[in-house]
Amino acid sequence: MIISLKQAISTTPKCSSKITNHRTNSPTKSLIFSTPKIKKLSIVTNSKPLHVSSLQSFGPLRKFESCKAYEEADGDVVENTEAAKRVKIGFYFGTWWFLNVIFNIYNKKVLNAFPYPWFTSTLSLAAGSAIMLVSWASKVAEPPNLDVEFWKALFPVALAHTIGHVAATVSMSKVAVSFTHIIKSGEPAFSVLVSRFILGETFPTSVYLSLLPIIGGCGLAALTELNFNMTGFMGAMISNLAFVFRNIFSKRGMKGKSVSGMNYYACLSILSLLILTPFAIAVEGPKMWAAGWQNAVTEIGPHFIWWVAAQSIFYHLYNQVSYMSLDEISPLTFSIGNTMKRISVIVSSIIIFHTPVQPINALGAAIAIFGTFLYSQSKQ
C-alpha cells in the first residue's frame, strides 16, 4: 500500500483546545489541531492502515493529547482461514483412512482367490501410473517439469518403495491383514535403529523408551497369532525396513527439489513399475498368472475382475492422498494420522474377515500401537 503522508515541520503537533468541563458543564474549548506548514512525504509500506484514536481529556479543564496508533487485526478472516484449513486436513485424513481400508479389503479378497502377490503389486503400480499419465495428458493435473537429476535422485527411493510394497503384499497373501498391520506398526523401531547404527544419529532417551512397547507389543502379537506364518511375518518386517530406507533416501536425495506431493508419488509409481515388472515376470511369470486368473474367475465369477480393479485403483488413490496431505501438515501430525489409520484397518479387517483374535493377541496389538503413538510424541 502506498500512503502519502503530510509531515509537520515541528516534531510535536500543535493543538489549540476548547474542551467541556464535564463536572461543571461549563463551556470550554474543544480540542482542535492547528495546521502548520507541511511538506509531502511518500512512504511505501505493506502494513495495514494505521488509525488514530479519538482525543480524550482526563480531569477538569485539562488539555490532553492522545495520538494512539494501532494496526487493525482481521480476526474474522484469520479465524475463517484456520477453520478452513482444519476442515481440509480432516477431509484428507478421512479420505486417506477410508481409501486405505477399502484397498486392504479388496487386496485380501484378490490374494485369497489369486495368490500371486508379485502380479497384484505390479497391477497396483500400473493402475496408478496410467491414471497420472492420462491426467497429465488431459491437463487435469499439471505435469511436473523434471530433469534427469530428479530421476536419478528418485531411483533409490523407488527401489526401496518397490521392495516395501511387494513385501507387504506377500505378507498379506500369507497371513491376516490385521497381523500384517500389527507388525508394520513396528516401523518406528526400524527407523530409530537404522538412523542410530547406520547414519550415526542420536535421539532423546524418551524416543528409545517408546520403542519398548512397540517391540514388546509386536512380539506378543506374533507369539499369540493363531494363523502365524513365517513368510508373512518376514514380509511385514522386510516392508518395515524398506520403507525406512525409502524415507531416508527421500529426505536426502529429494531435498531442495520442488514438486507437489501428488506428482511426486506419480513419478514414484512410474519408476517403481519399471523396476518391478521384470522381477515379477521372473518370479511368477505369465503362465502362472494365466492359470491362476482362470481359476479365480471360475471360482468367484465376474466379481473377481472388479476386485482386481478396485484394489489397484484404491492403492494409488490412498497413497496419493497421503502424499498430498504431507503438503498441508507437519510430519508429527502425519505420523499420528498413520497410527490411527492402522487402527482403522486392523479393526475393520477383523470385522469383515471374521479374523479370530485372542485377548492376549489384541493386548499385544494395542500395546504396539500405543507405543507408536508415544514414539511420534517423543520424536517431536
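The structure presented is a predicted model; accordingly, all values stated were derived computationally and were not measured.

Colleague: Lay out the overall build of the protein in plain terms, naming residues and giving numbers.
Modeller: Across its full length, the protein carries 12 helices and 6 strands. Partitioning the contacts of the protein with sequence separation of at least 6, the portion at a separation of at least 24 is 81%. By element, 65% of the accessible surface of the protein is carried by carbon and sulfur atoms, the whole surface being about 21200 Å².

Colleague: How would you sum up the environment of Val-297? Please name residues and give values.
Modeller: Tracing the chain through its elements places Val-297 in helix 9 (residues 286–300). Note: C-alpha distance between Val-297 and Phe-114 (183 residues apart in sequence) is 9.3 Å.

Colleague: Go over the packing of aromatic side chains with me, naming the residues and quoting the values.
Modeller: Note on aromatic pairs: each is described by the distance of the centres and the angle between the planes. Under the defined criterion, the tally for this structure stands at 19 aromatic pairs. Within the aromatic cluster, the residues linked to one another by ring pairs are Phe-114, Tyr-116, Phe-119, Trp-289, Trp-293 and Phe-304. A cation over a ring is seen here: Arg-196 above Phe-197, with NZ or CZ 5.9 Å from the ring centre.

Colleague: Give me a nonpolar patch on the surface: which residues, what numbers.
Modeller: A cluster of nonpolar side chains, Phe-155, Leu-159, Ile-163, Phe-228, Met-230, Met-234 and Ile-238, forms an exposed patch at the surface whose accessible area comes to about 620 Å². Within the residue set of the nonpolar patch, elements represented by two or more residues are helix 3 (148–174) and helix 7 (230–253). The topology assignment puts Met-234 in helix 7. What makes Met-234 partly exposed here is its relative accessible area of 38%.

Colleague: So what about the packing of helix 3 against helix 8 (residues 261–283)? Which residues, and what values?
Modeller: Packing of helix 3 against helix 8 brings their axes to within 8 Å, and their N-to-C directions diverge by 70°. Compared by their axis directions, helix 3 and helix 8 come out roughly perpendicular. Judged by the twist between their axes, the crossing of helix 3 over helix 8 is right-handed. Seen from helix 3, the contacting residues are Phe-150, Trp-151, Leu-154, Phe-155, Val-157, Ala-158, Leu-159, His-161, Thr-162 and Val-166; seen from helix 8, they are Tyr-264, Tyr-265, Cys-267, Leu-268, Leu-271, Ser-272, Ile-275 and Leu-276.

Colleague: Run through unusual backbone geometry, naming residues and quoting values.
Modeller: Phi at Lys-139 takes a positive value of approximately 65°, unusual for a residue other than glycine. Judged by relative accessible area, Lys-139 falls into the exposed class, the value being 61%. Despite not being glycine, His-354 has its phi angle at roughly 50°, a positive value. Within the secondary structure, His-354 is located in the loop between helix 11 (331–353) and helix 12 (359–379). Accessibility expressed as a relative area gives 67% for His-354, which makes it exposed.

Colleague: So what about the side chain of Asn-263? Which residues, and what values?
Modeller: As for its placement among the helices and strands, Asn-263 is situated in helix 8. Not counting residues within four places of it along the chain, the set of residues in contact with Asn-263 comprises Met-132, Trp-136, Glu-142, Pro-143 and Pro-144.

Colleague: Which residues make up the side chain of Asn-361, and what are the values?
Modeller: With respect to the helices and strands, Asn-361 occurs in helix 12. For Asn-361, a relative accessible area of 5% puts it in the buried group. Not counting residues within four places of it along the chain, the set of residues in contact with Asn-361 comprises Ala-221, Thr-224 and Glu-225.

Colleague: Outline helix 6 (residues 205–223), listing residues and values.
Modeller: One full turn of an α-helix is made of 3.6 residues, so residues set three or four places apart face in the same direction. Compared with the 27 Å implied by 1.5 Å per residue over 19 residues, the 28 Å span of helix 6 between its first and last C-alpha is a close match. When helix 6 is considered as a whole, its buried residues turn out to be Val-207, Ser-210, Leu-211, Ile-214, Gly-217, Cys-218, Ala-221 and Ala-222. What you see down the axis of helix 6 is that its buried residues fit within an arc of 135°, all on one side. Facing away from the buried side of helix 6 by more than 90 degrees, the exposed set consists of Thr-205, Leu-209, Leu-212, Ile-215 and Leu-223.

Colleague: Outline the confidence of the model for the protein, listing residues and values.
Modeller: Per-residue confidence for the protein gives a mean pLDDT of 80; residues scoring 70 or more make up 77%. Helix 2 (residues 117–137) holds the highest mean pLDDT among the elements of the protein, 96, whereas strand 1 (residues 2–8) holds the lowest, 40. Below a pLDDT of 50 lies the segment residues 1–72, which in the model reaches 88 contacts outside its immediate sequence neighbourhood of four places, other chains included.

Colleague: Give a description of the nonpolar core that names residues and reports values.
Modeller: Judged by nonpolar contacts, the single largest core of 47 residues is most densely connected at Phe-114, Trp-136, Leu-154, Leu-268 and Phe-304. Mapped by element, the contributors of at least two residues to this core are helix 1 (75–113), helix 2, helix 3, helix 8, helix 9 and helix 10 (303–325). Sorting elements by how many residues they give to this core places helix 8 first, with 11 residues.

Quick notes on the rules
- Residues numbered from 1 in each chain as written.
- Predicted model: local features only at pLDDT ≥ 70, side-chain atom pairs only at ≥ 80, totals over all residues.
- Heavy atoms only, no water.
- Helix = DSSP H or I, 4+ residues; strand = E, 2+ residues; numbered from the N terminus.
- Contact = heavy atoms within 4.5 Å.
- Areas by Shrake-Rupley, 256 points an atom, 1.4 Å probe, with all protein chains shown as cover.
- Phe/Tyr/Trp six-rings, centres within 6.5 Å; stacked < 30°, edge-to-face > 60°.
- Lys NZ or Arg CZ within 6 Å of the ring centre and 35° of its normal.
- Patch = residues over 30% accessible without salt bridge, like charges linked within 9 Å, V, L, I, M, F, W, Y side chains within 5 Å.
- Salt bridge = Lys/Arg side-chain N within 4 Å of Asp/Glu carboxyl O.
- Buried < 20%, exposed > 50% of the residue type's maximum accessible area, 1.4 Å probe, protein only.
- Axes fitted to C-alpha atoms, helices over the stretch in contact; angles between N-to-C directions.
- Parallel < 35°, antiparallel > 145°, perpendicular 65-115°, else oblique.
- Left-handed = near helix turned anticlockwise from the far one by under 90°.
- Expected span 1.5 Å × (residues − 1).
- Arc of directions from axis to C-beta.
- pLDDT = per-residue confidence, 0-100.
- Core = buried A, V, L, I, M, F, W, Y, C linked by side-chain atoms within 4.5 Å.

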